[in-house]
Amino acid sequence: MNETRLHIEGMSCGHCVGRVRSTLQRIPGVEIVSLELGSAVVRYPEGETTPEAIARALTTDGYAATPQPA
Ligand SMILES: [Cu+2]
């Protein structure tokens, strides 16, 4: 498993945290390590997804996300 931190824009309340959580849970293999307003740390299986793809899924769901360098 690899781990990545994502910067996430547009989160302002618990509702946003719930939406981001459900987006992350829909991505096969992704495990949430921590999630708070503005950022998330997730683990993902190498070869199945990438930090860029995870960020893109969040951005598509309305929360512009960017992977942070390790
Ligand atoms: Cu909100």
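The structure this text deals with has already been given above.
Below is a short write-up of the structure. (Residues numbered from 1 in each chain as written. Predicted model: local features only at pLDDT ≥ 70, side-chain atom pairs only at ≥ 80, totals over all residues. Heavy atoms only, no water.)

### Looking at the sheet that holds strand 1 (residues 2-8)
At step 1: The strand order 2-3-1-4 describes an open sheet built from four strands, whose pairing is antiparallel. Sheet topology places strand 2 (31-36) and strand 4 (65-68) at the edges, where each strand pairs with a single neighbour. Between one strand and the next, the sheet's axes are offset by a mean angle of 25°, whatever the strand orientation.
At step 2: When strand 2 meets strand 3 (residues 39-44), the two strands line up antiparallel, connected through five bridges. Residue pairing for strand 3: Glu 36 is matched across the bridge by Ser 39.
At step 3: Where helix 1 (residues 14-26) meets the sheet, its contacts fall on strand 1, strand 2 and strand 3, and the angle it forms with strand 2 comes to roughly 165°. (Pairing = 2+ DSSP bridges. Helix = DSSP H or I, 4+ residues; strand = E, 2+ residues; numbered from the N terminus. Axes fitted to C-alpha atoms, helices over the stretch in contact; angles between N-to-C directions. Contact = heavy atoms within 4.5 Å.)

### Some words on the pattern of salt bridges
At step 1: This structure, assessed with the given rule, holds two salt bridges.
At step 2: Between Arg 43 and Glu 3 there is a salt bridge, and its shortest N-O distance comes to 3.1 Å. In this pair, Arg 43 sits in strand 3 while Glu 3 sits in strand 1, placing the two residues 40 residues apart along the sequence.
At step 3: On the basis of relative accessible area, Arg 43 is assigned to the partly exposed category, the value being 33%.
At step 4: A relative accessible area of 47% places Glu 3 in the partly exposed class.
At step 5: Asp 61 serves as the salt-bridge partner of Arg 26, at 2.8 Å between the closest nitrogen and oxygen. Pair noted here: Arg 26 is in helix 1 and Asp 61 is in the loop between helix 2 (51-60) and strand 4, with a separation of 35 residues, a long-range link. (Salt bridge = Lys/Arg side-chain N within 4 Å of Asp/Glu carboxyl O. Buried < 20%, exposed > 50% of the residue type's maximum accessible area, 1.4 Å probe, protein only.)

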